[in-house]
Amino acid sequence: MKFALTLTAVLALAAPAMAADEGACAQPKEVQGFKSCADVAKAEAEGEVVVYATNPEAAELRVLAEFTKLFPKIKTNYTRLQAGALYAKLTAERQASTYTVDLIQISDMGMILDFQKKNGFDHYISPQMADYKPEYKSKPEGLWTWGAIGPAGLAYNTTTTPADQAPKDWHEAIDPKWADGITVKLSTSGLQHVAWFELRRLYGPDYWK
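About the thresholds
Residues numbered from 1 in each chain as written. Predicted model: local features only at pLDDT ≥ 70, side-chain atom pairs only at ≥ 80, totals over all residues. Heavy atoms only, no water. pLDDT = per-residue confidence, 0-100. Contact = heavy atoms within 4.5 Å. Helix = DSSP H or I, 4+ residues; strand = E, 2+ residues; numbered from the N terminus. Expected span 1.5 Å × (residues − 1). Buried < 20%, exposed > 50% of the residue type's maximum accessible area, 1.4 Å probe, protein only. Patch = residues over 30% accessible without salt bridge, like charges linked within 9 Å, V, L, I, M, F, W, Y side chains within 5 Å. Areas by Shrake-Rupley, 256 points an atom, 1.4 Å probe, with all protein chains shown as cover. Salt bridge = Lys/Arg side-chain N within 4 Å of Asp/Glu carboxyl O. Arc of directions from axis to C-beta. Phe/Tyr/Trp six-rings, centres within 6.5 Å; stacked < 30°, edge-to-face > 60°.

K.L.:
Can you help me understand the confidence of the model for the protein chain in this one?
P.N.:
Interpreting fine coordinate detail is not advised for predicted regions of low pLDDT. On average, residues of the protein chain carry a pLDDT of 84, and 88% of them reach 70 or more. Scored below 50 in pLDDT, residues 1–9 shows 40 contacts in the model against residues more than four places distant or in partner chains. Predicted confidence for residues 15–21 stays below pLDDT 50, and this span has 15 contacts to residues more than four positions away or in other chains.

Next up, the structure:
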């Protein structure tokens, strides 16, 4: 709907930070139909890739199934949480100098940028990065990319609310007549966090009061 907000789904490397010049892929090789500097033999010896994601389970399992087809010797290990809980888990592990996760997919850009400020990402410029628009990539390049936009809009129960009475915009949604009848996502959700932030930015801090 026209009042929808948007957020980005970010895919990022979540390893100890490295110097910028260490991330460039100087001599890419053909790996399963695409160019990469990944050491597949070493990855197969380690035997597992660990992914933290906010993706719904069904969607993420489809992604991991495709990975398994390409690299059957590498087991996939997947943890799914809401963005806030996922980021709390990630930062707690880093504070304990624990480097378990290989890749994160998170639905809140603010958390990704915060982690970047903390030098949380490995730096790797994949040869595939050339196919990404500049605005889809981190600055400096090689820390993360985003590839999806999700809407945060208004929805109402058609069995209890006629269409001509339903809220048409965000201001109508907080009409006193809807008191005790509004629900939002969990506060730990990346989508809800972005919606809260953007509505506060657009309409001021009193909106949520």
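K.L.:
When you look at helix 5 (residues 190–203) in this model, what are you seeing that I'm missing?
P.N.:
Counting along an α-helix, one turn takes 3.6 residues, and residues three or four places apart therefore face a common direction. Over its 14 residues, helix 5 runs 20 Å from end to end, which matches the ideal 20 Å to within 8%, given 1.5 Å per residue. Turning to helix 5, its buried residues are Gly190, Gln192, Val194, Ala195, Glu198 and Leu199. A positive phi of about 90° marks Gly204, the residue just after helix 5.

K.L.:
I would appreciate a short explanation of a nonpolar patch on the surface in the present structure.
P.N.:
Together, Ile182, Val184, Trp196, Phe197 and Trp208 make up an exposed nonpolar region whose accessible area comes to about 490 Å². For Val184, the location among the structural elements is in the loop between strand 7 (144–152) and helix 5.

K.L.:
Help me understand helix 3 (residues 83–95) in this model?
P.N.:
With 13 residues, helix 3 ought to run about 18 Å at 1.5 Å a step, and its terminal C-alpha atoms sit 18 Å apart, in line with that. What helix 3 keeps buried is the set Ala83, Leu86, Tyr87, Leu90, Thr91, Glu93 and Arg94. Take helix 3 and look down its axis: the buried residues cluster within an arc of 155°, on one side only. On its buried face, helix 3 sits against strand 4 (48–53), strand 5 (75–80), strand 6 (103–106), helix 4 (109–117) and helix 5. With its phi angle positive at about 55°, Ser97 sits one or two positions after the end of helix 3.

K.L.:
For this particular structure, what's the right way to read unusual backbone geometry?
P.N.:
Most peptide bonds are trans, and most residues other than glycine sit at a negative phi. Here the amide bond leading from Lys139 into Pro140 is cis, since omega sits at 0°, within 30 degrees of zero. Considering the arrangement of structural elements, one finds Pro140 in the loop between helix 4 and strand 7. Even without glycine at this site, Ser97 takes up a positive phi of about 55°. By secondary structure assignment, the location of Ser97 is in the loop between helix 3 and strand 6. Positive phi values are uncommon outside glycine, yet Asp180 reaches one of about 65°. Its location among the elements puts Asp180 in the loop between strand 7 and helix 5. Given a relative accessible area of 86%, Asp180 falls into the exposed group.

K.L.:
Just checking my understanding: could you explain the packing of aromatic side chains for this structure?
P.N.:
Centre distance and the angle of the planes are the two values used to describe a pair of aromatic rings. Inspection of every chain in the model, using the stated rule, returns six aromatic pairs. For the ring pair Phe67 and Phe71, a centre distance of 5.1 Å and an interplane angle of 45° mean the geometry is tilted. The partly exposed category is assigned to Phe67, whose relative accessible area is 25%. Taken together, a centroid distance of 6.0 Å and an interplanar angle of 85° make the contact between Tyr87 and Phe115 edge-to-face. A residue pair is termed long-range when its members are at least 10 positions apart, and Tyr87 in helix 3 and Phe115 in helix 4 qualify at 28 residues. Like Tyr87, the residue Phe115 is buried in the burial classification. An aromatic cluster of at least three residues, connected via ring pairs, comprises Tyr87, Phe115 and Phe121.

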